[in-house]
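Spelled out, the chains give:
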Amino acid sequence: MINNLNSWYPVNIYSSSTDIQFDWRFLPDRFRESFFYDTILKHKNSPENKRDNLVSDIHSFINSAASFTNVIKPSALVFHISRCGSTLISQMLAWLNSSIVISESEIINQVIRLDHYLNEKNHDKHELFQTLLKYIGRKRFPDERNLFIKLDSWHLFSFEFINSVLPDVPKVILYRNPLEVVLSHQATRGIQMIPGTIKVEEFPYKPFDWENYELDKYVIFVLYNYLKSILKVWKDNNNILLMNYHQLPESVWNSFAAHTGINFSLNEIASMKETTKVHSKNKHTKYKGDAYLTECGINKDLEELIELHMIPVYKELEEIRITGGF
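Predicted model, so just to flag it, every value in this text is computed and none were measured. (Residues numbered from 1 in each chain as written. Predicted model: local features only at pLDDT ≥ 70, side-chain atom pairs only at ≥ 80, totals over all residues. Heavy atoms only, no water.)

Draft legend 1. Representation of helix α2 (residues 58–65) in the model. Turning to α2, its buried residues number three or more, namely I58, F61, I62 and A65. The arc that holds every buried residue of α2, seen down its axis, measures 85°, which confines them to one face. Residues of α2 that are buried in the fold lie against β1 (8–15), β2 (20–26), β3 (55–57) and α6 (125–136). With a side-chain oxygen lying 3.2 Å from the backbone nitrogen of H59, the N-terminal cap of α2 falls on D57. (Buried < 20%, exposed > 50% of the residue type's maximum accessible area, 1.4 Å probe, protein only. Helix = DSSP H or I, 4+ residues; strand = E, 2+ residues; numbered from the N terminus. Arc of directions from axis to C-beta. Contact = heavy atoms within 4.5 Å. Polar contact = N/O pair within 3.5 Å; in protein donor to acceptor, adjacent residues only side chain to side chain.)

Here it is as structure tokens:
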């Protein structure tokens, strides 16, 4: 185990013959990249990450975190249905020196989803998640005061577990007109829209037999499950802010700030506005908006599926959001 853990982060879990092991990476900078994996790639050639001793067992993982004293608790958790502005929000926040932003970390995903993996080794998932939060919430720079965690889209299915660990942390759920999301995935398909990424048994709703359909209809199947899951989460829980993609970016320093209790300064708001001028997933590209979606076509069968299954759920979410004054 590494003696000095400052700027070292657990990034991956794997199973050994005796127990689970943790991979570590040296990540000395602020987390500015669009995704946590991009931060890992940025430092892959650093001398520290070429060391042989980059692995630890679970006991070292838990015991080392127990001594941490300067840990920032999560300020907000961001859930989303994909292609709805969550990366834009995380990038706006990541460029504030006051923020630590962890965006779609694989080790968070592993702890949340791999129950059988952890159970067979007799490990407590709650304890592992709470310990992981200590590592990612370490205050390394004097101006840091907020920790934001953007989850993967399929973590909507794991809301109950996440909320059980962090019941008092504000949750934000982003969504968007499902037709626009489908068109976006037609243009560039996300990994969550490829069959097999999410296990069949994880889908709580099965409105039609997606296995007999092509990829675009699978996208509709996944999005329907996301939207229905948001409705259930909303009805079963408090402390949730619903945000529509079309409210961005202003909603970050308005409703998002009010919901999380964070007062962004005028300079911070100006910085966030500047961030929106470039593409959230490619800093070298100027953001040109979503005009391209109007140029994309969609066949009649897909449009009928969207109208039948998703638009009613979307309208219900919109009614809840607007009635709630969000």
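Now that the structure is up, let's keep going.
Draft legend 2. Main features of empty space enclosed by the protein. Taken as a whole, this structure holds one cavity of 30 Å³ or more when the rule is applied. Space inside the largest cavity adds up to approximately 40 Å³. What lines the largest cavity is R30, F31, R32, A94, S99, I100, R140 and E144. The residue inventory of the lining of the largest cavity, partitioned by class, reads three nonpolar, one polar and four charged. (1 Å grid on protein atoms, 1.4 Å probe; cavity = no way out; pocket = protein on both sides within 12 Å on 5 of 7 lines; lining within 4 Å. Points joined across faces, edges and corners; volume = space filled by probe spheres on them. Nonpolar A, V, L, I, M, F, W, Y, C, P; charged D, E, K, R; others polar.)

Draft legend 3. Representation of the pattern of salt bridges within the structure. Within this structure, the stated rule accounts for 13 salt bridges. Close ionic contact of R30 with D143 constitutes a salt bridge, the shortest N to O distance being 3.0 Å. Linking R30 in the loop between β2 and α1 (36–42) with D143 in the loop between α6 and β6 (146–150), this pair joins segments that are 113 residues apart in sequence. Here K42 ties to E33 by a salt bridge, and the two come within 3.5 Å at their closest N and O atoms. For K42, a relative accessible area of 46% corresponds to the partly exposed category. Given the relative accessible area of 17%, E33 is considered buried. Ionic contacts of the salt-bridge type, sharing partners, join the residues D29, E33 and K42 into one network. (Salt bridge = Lys/Arg side-chain N within 4 Å of Asp/Glu carboxyl O.)

Draft legend 4. Local environment of the sheet that holds strand β7 (residues 171–175). The sheet built from five strands is open, its strands ordered β5-β6-β4-β7-β8 with parallel pairing. Lying at the two open borders of the sheet, with one neighbouring strand each, are β5 (99–103) and β8 (240–244). On average, each strand axis in the sheet is inclined to that of its neighbour by 20°, with strand direction left out of account. The sheet contact formed by β5 and β6 spans five bridges and is parallel. If you follow I100 over to β6, its bridge partner there is L147. Contacts from α6 reach β4 (74–80), β5 and β6 within the one sheet, and its direction differs from that of β6 by about 125°. Here helix α12 (residues 300–323) sits on the sheet in contact with β7 and β8, set at roughly 120° to β8. (Pairing = 2+ DSSP bridges. Axes fitted to C-alpha atoms, helices over the stretch in contact; angles between N-to-C directions.)

Draft legend 5. Local environment of the packing of aromatic side chains. Counted by the stated rule, this structure contains 19 aromatic pairs. Ring plane angle 45° and centroid distance 5.0 Å describe the contact between F79 and F159, whose orientation is recorded as tilted. Of this pair, F79 sits in strand β4 while F159 sits in helix α7 (residues 159–165), and the two are 80 residues apart along the sequence. With 5.8 Å between their ring centres and 80° between their planes, W234 and F326 make a pair best called edge-to-face. With a gap of 92 residues between them, W234 in helix α9 (residues 215–236) and F326 in the segment after α12 connect regions that are remote in the sequence. On the accessibility criterion, W234 (25% relative accessible area) is partly exposed. The rings of F22, W24, F61, F68 and Y135 are connected pair by pair, giving a single aromatic cluster. (Phe/Tyr/Trp six-rings, centres within 6.5 Å; stacked < 30°, edge-to-face > 60°.)

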